[in-house]
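Descriptive analysis of the structure
Listed here are the chains, written in short residue letters.
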Amino acid sequence: MKRNYSLFFITVGVFGIIYTELGVVGALPMVMNKYHVSAVSAGMLVSSFAFIIAISGPWMTLLLSRPNQKRVLMGIMALFAGSNLVSSFAPSFEILLLFRILPAFFHPVYFSIAFAVAGALSPKEEAAKASAKVFLGVSIGMVLGIPLNSYIANQLSLSTSFLFSAIVNGIACIGIGIMVPSPSAKINRLSFGNQLGILRKPSLLLNMATNCFIFSSMFSVYSYFSEYLTQRFDMNGALISLMLVVFGISGVLGNWYAGKLLAFQMEKTVFFYPVALGFCYLLLYFVSSSVVLVIAAILLWGAVHTSGLIVSQIWLTSEAQEAPEFANSLYVSFSNLGVTLGTAVGGWFISGLGINEIIGSGLLFAALALACISVKIVWFREHNHL
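All of the points below concern the structure found in this document. Being a predicted model, the structure only gives us computed values, none of them experimental.

Basis of the calculations
- Residues numbered from 1 in each chain as written.
- Predicted model: local features only at pLDDT ≥ 70, side-chain atom pairs only at ≥ 80, totals over all residues.
- Heavy atoms only, no water.
- Helix = DSSP H or I, 4+ residues; strand = E, 2+ residues; numbered from the N terminus.
- Buried < 20%, exposed > 50% of the residue type's maximum accessible area, 1.4 Å probe, protein only.
- Contact = heavy atoms within 4.5 Å.
- Areas by Shrake-Rupley, 256 points an atom, 1.4 Å probe, with all protein chains shown as cover.
- Phe/Tyr/Trp six-rings, centres within 6.5 Å; stacked < 30°, edge-to-face > 60°.
- Lys NZ or Arg CZ within 6 Å of the ring centre and 35° of its normal.

Right, let's get into the overall build of the protein. When helices and strands are counted, the protein shows 15 helices and zero strands. Here the protein holds 386 residues, and the buried ones make up 54% of them. Relative to all contacts within the protein whose residues are 6 or more apart in sequence, the contacts with residues 24 or more apart total 84%. As displayed, the protein has an accessible area near 16,400 Å², and 70% of this comes from carbon and sulfur atoms.

Below is the structure:
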């Protein structure tokens, strides 16, 4: 029973971190209004966080892998809670940005240790199930974190949305402190140094590029979801929050269905994913202002968008099954690199061409992902016939 509570609070911490990272997407228009900054500047709250994760993940994990894991988890949760608390009262955009960047260095450390602790708390035959429970926090945070944050910010205030994040991380910190046992048993620690050899595989490098471009395509548009709906369809904050909920619900179903498709036919599912994402973007570009049609477009977009999480992960890790831990670290790093790149390029499209043309950035990265997938498939088949 205590093990279940331990996994629960570790998962709450995962949700709190993802909520901190991506929840602000739903409140970017309020950030722009409160601090009088452009869409590009506001987007840095997302892109800078993701960039820090992308470049610091493996190295910060190695640096903090030897201290007491329970204390590290609690310390990271306390840091996230404190940074969100400061963010809620930040007097300037620069201070808000600073306290977004600081906890980002410890984002991948929490994930690495959380999965290690979850595995150590469970019998060997149930380690995979324990990891799956922890990963549930990622799914919920990515699918529901943004609409929840948008709802809180619109119904209460931007400061309250940051306070809510601080409370979630604070609860996780206390729960981990009470329920997670001190590490008496040996915990398997990630060791990236012995696994770097897989980076010599051209097929893996192509999959890493695909992963990056898929996330770039996803977030070059999604990072400006609220701004796009505001300017393109003249929606108010309450209606945008509802659209984010619609997006999130369809995303849960889409991610589930994509998992079934991947199990049945991985290669075809991955190949057609960027095609489907591009179709959604074109639909958003050409759809009329009819609320019914907009909702239908967002339902489809949400299902396809969220499917990218599992599609890109399965595609990348399928080429590194001999080193799954390192492959997952690459997935985290290149996903966040994609978020950084996509958010930045999406902001440039807005600044240079206008909000309507942001669809072009999503199509550009979807085409690059499709190119990488096509090259990988052709190369793999030719390689097998040698």
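The next thing to look at is the packing of aromatic side chains. Following the criterion strictly, the structure yields 17 aromatic pairs and no others. Taking 5.7 Å as the distance between ring centres and 35° as the angle between the ring planes, the aromatic pair formed by Phe 15 and Tyr 19 counts as tilted. Residue Phe 15 and its partner Tyr 19 are located together in helix α1 (residues 2-22), separated by four residues, close to a single helical turn. According to the relative accessible area criterion, Tyr 19 is buried, its value standing at 2%. Between the aromatic rings of Tyr 281 and Trp 301, the centroid separation amounts to 6.3 Å while the plane-to-plane angle is 75°, which identifies the pairing as edge-to-face. Note that Tyr 281 is positioned in helix α12 (residues 266-286) and Trp 301 in helix α13 (residues 291-317), a separation of 20 residues in sequence. Residues Tyr 281 and Trp 301 agree in their burial class; the two are buried. A connected cluster of aromatic rings, assembled from ring pairs, spans Phe 215, Phe 219, Tyr 222, Phe 225, Phe 247, Tyr 281 and Trp 301. The ring of Trp 315 carries the charged tip of Lys 376 above its face, separated from the ring centre by 4.3 Å.

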